[in-house]
Amino acid sequence: MARLPAVPVLPDVLALPAVEAGQDVSVRAPATSANLGPGFDALGLALTLHDTVRVRTTASGTILVRSEGEGADGLPTDGTHLVAASLISTLQRAGYRADGLELDTLNVIPHGRGLGSSAAAIVAGVLAGNALLPAGERFAPAQLLQWAASLEGHPDNVAPALMGSLAISWESGRVYHSTRVDVHPDIVPVLAVPDTSLSTESARALLPTSVSHRSAAANAGRAALLVHALGADPSLLPAATQDALHQDFRAPAMLPSATLMRGMRAEGFASTISGAGPSVLTLAVGESDAGAAEDALHALLEQDETPGGWRIIRLAVEREGANVGVHQG
Ligand code: HSE
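Residues numbered from 1 in each chain as written. Predicted model: local features only at pLDDT ≥ 70, side-chain atom pairs only at ≥ 80, totals over all residues. Heavy atoms only, no water.

Trainee: Can you tell me about the UniProt feature "domain: GHMP kinase N-terminal" (unreviewed entry) in the protein chain, naming the residues and giving the values?
Mentor: On the UniProt side, "domain: GHMP kinase N-terminal" (unreviewed entry) is annotated at positions that read residues 90–164 here. A distance of 21 Å separates the end C-alpha atoms of residues 90–164, which is 51% helix and 11% strand. (UniProt positions renumbered as here; feature names shortened; annotations may be inferred. Helix = DSSP H or I, 4+ residues; strand = E, 2+ residues; numbered from the N terminus.)

Trainee: Pulling in residues and values, what's your account of the UniProt feature "binding site: ATP" (unreviewed entry) in the protein chain?
Mentor: Under the local residue numbering, the UniProt record ascribes the feature "binding site: ATP" (unreviewed entry) to Pro110, His111, Gly112, Arg113, Gly114, Leu115, Gly116, Ser117, Ser118, Ala119 and Ala120. Following the sequence through the fold, Arg113 ends up in the loop between β4 (100–107) and α2 (117–132). Under the relative-accessibility criterion, Arg113 is labelled buried at 11%. In contact with Arg113, not counting residues within four places along its chain, are Val193, Pro194, Asp195, Thr196, Ser197, Ser274, Gly277, Pro278 and Ser279. At a separation of 2.5 Å, a polar atom in the side chain of Arg113 contacts the main-chain carbonyl oxygen of His111. (Buried < 20%, exposed > 50% of the residue type's maximum accessible area, 1.4 Å probe, protein only. Contact = heavy atoms within 4.5 Å. Polar contact = N/O pair within 3.5 Å; in protein donor to acceptor, adjacent residues only side chain to side chain.)

Trainee: So what's going on with helix α9 (residues 255–266)? Residues and values would help.
Mentor: For α9, which comprises 12 residues, the first-to-last C-alpha distance of 16 Å matches the rise-based estimate of 16 Å (1.5 Å per residue) to within 8%. Those residues of α9 lying buried are Ser257, Ala258, Leu260, Met261, Gly263, Met264 and Arg265. (Expected span 1.5 Å × (residues − 1).)

Trainee: I'd like to hear about the site of the ligand, residue by residue, with values.
Mentor: Taken together, the residues surrounding the ligand are Asn35, Phe40, Asp41, His154, Asp156, Asn157, Thr200, Arg204, Arg250, Gly275 and Ala276. One of the side-chain N or O atoms of Asp156 is found 2.6 Å from a nitrogen atom in the ligand. Arg204 is positioned with one of its side-chain polar atoms (N or O) 2.6 Å from an oxygen atom of the ligand. Protein chains bury 95% of the 260 Å² of accessible surface belonging to the ligand in isolation. Going through the elements one at a time, β2 (39–58) and α5 (200–205) are the ones with two or more residues in the shell around the ligand. Looking at the shell around the ligand residue by residue, the classes come out as two nonpolar, five polar and four charged. In this structure, the shell around the ligand is formed jointly by two domains, domain 1 (11–178) and domain 2 (187–314), each of which donates at least three residues. (Near = heavy atom within 4 Å. Areas by Shrake-Rupley, 256 points an atom, 1.4 Å probe, with all protein chains shown as cover. Nonpolar A, V, L, I, M, F, W, Y, C, P; charged D, E, K, R; others polar. Domains from an automatic or database assignment.)

Trainee: With reference to specific residues and values, describe helix α6 (residues 213–231).
Mentor: The end-to-end C-alpha distance of α6 is 28 Å, a good match for the 27 Å that 19 residues give at a rise of 1.5 Å each. Listed as buried for α6 are Asn219, Leu226, Ala229 and Leu230. Projection of α6 onto a plane perpendicular to its axis shows the buried side chains occupying an angular sector of 85 degrees, all on one side. Residues of α6 that are exposed and point over 90 degrees away from its buried face: His213 and Ala224. Against the buried residues of α6 lie β1 (24–35), β2, β5 (166–172), β7 (187–194), α7 (237–240) and β9 (280–285). (Arc of directions from axis to C-beta.)

Trainee: Can you tell me about the pairing of β4, naming the residues and giving the values?
Mentor: As defined by bridge partners, β2 adjoins β4 across seven bridges and the pair is classed as antiparallel. Paired with Val55 across the bridge in β4 is Leu103. Regarding topology, helix α1 (residues 82–93) serves as the crossover connection from strand β3 (residues 63–69) to the parallel β4, and that connection is left-handed. (Pairing = 2+ DSSP bridges. Right-handed = clockwise from strand over helix to strand, strands pointing away.)

Trainee: Give me the sheet that holds strand β8 (residues 271–273): which residues, what numbers.
Mentor: Read from one edge of the open sheet, four strands run β8-β9-β7-β10, paired in antiparallel fashion. Only two strands of the sheet have a single partner each, and these edge strands are β8 and β10 (310–314). Across this sheet, the average inter-strand angle for adjacent strands is 20 degrees, counted without regard to direction. In this structure, β8 lies alongside β9, joined through three bridges in antiparallel fashion. Within β9, the position partnered with Ser271 by the bridge is Thr282. Along the sheet, helix α10 (residues 287–303) makes contact with β7, β9 and β10, crossing β10 at roughly 175 degrees. (Axes fitted to C-alpha atoms, helices over the stretch in contact; angles between N-to-C directions.)

Below is the structure:
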C-alpha cells in the first residue's frame, strides 16, 4: 500500500481544538478497479470487497493502529498508517486535531494488485475524520472527493470508493470532479488476483510521453462505448474494453497478467488489467457467464507455465460506496 505524500502539518497544530474524546465510528470502504480498459485515469468501478476500520477518539495523547488481514504485518502502528494519516489530515484541514486515537483495521483488499487498497484506506480515513468533526463543521461530498483525490494524487479509485457503482472522473485546474453512473444489473465482475504485486509508480513509469492520434482516437471511441455498455448494453463490453493507451506498454512488467487477459479476450470475454495491475478483471454478463469466465481463467492459468498462485474471486458491483457507522457508547 502506498504511503501518503507528505501532508503539511500545521506548525501550530497543538493549538487547534481537539475533537471530542470517547467517539466511536466505523467506516467500510470498497475495493475499486480503475481504467476498465480504455478509461485510463478516468473510469473506476466499485467492487464488493471491503476494508473496515473502527476508530475511537481518546484523551491518551497517543495514536495506536492495530491491523489484521491482508498485508497487516508490514503496516505501521502509528500515525503514519495511511488510514490514520488521512484521518488526521482531514481533521487538520477542518481546523481540528485529536488528543488520542485508537484504530482497528481489517484489510480484505489485496495490496499492490490494482484493486484500490490505497484509495480505500484514504477514503476510510477521510470519512472517519469527517464523522469525528463537530456537526456543522463537516465537509460536503464534493469537498470530500476533492480532499481524498488530492491525497491519492488521482480521482479514479477514490471516486467510486466514495460513491459506489461506476464513477467517471476528470480534473480541471487542479479541481477533481466525478459523476456516478448506474451499472447494468447483469454485470458480474470476476477477478484474477496474482500473488505478485506491482506498484502504480513502476507501472506509470512504463507509459510513453505521447501516443499517436490514431491510438487516441480509437481509445476515445471505446471509452465512450464503454460507458454505454456498462450502463445499458453489456453485450458491447468485449469491444468496449479494448484499450490503446496503457495495457500493452505495461505488459512487460506483468507478463502473466497480460497473457491471461489476452487469452480471455481471445475467447470473447471483456477482460482488462485492473487499475495499474497486475490483477485481471473480467466483466461477465450474468452468473452463468461468470461461471464460464472462471472456468476459462482456470484453464488458461493451467496452460501457463509461469510460477505463482492466483485467486479467482467472483464479486458484484458495490452500488452504495463507502459507509460510516457511529457507535453510541
Ligand atoms: N489510472 C491509474 C493507473 C490507476 O493506471 O496508473 C492507479 O490506481
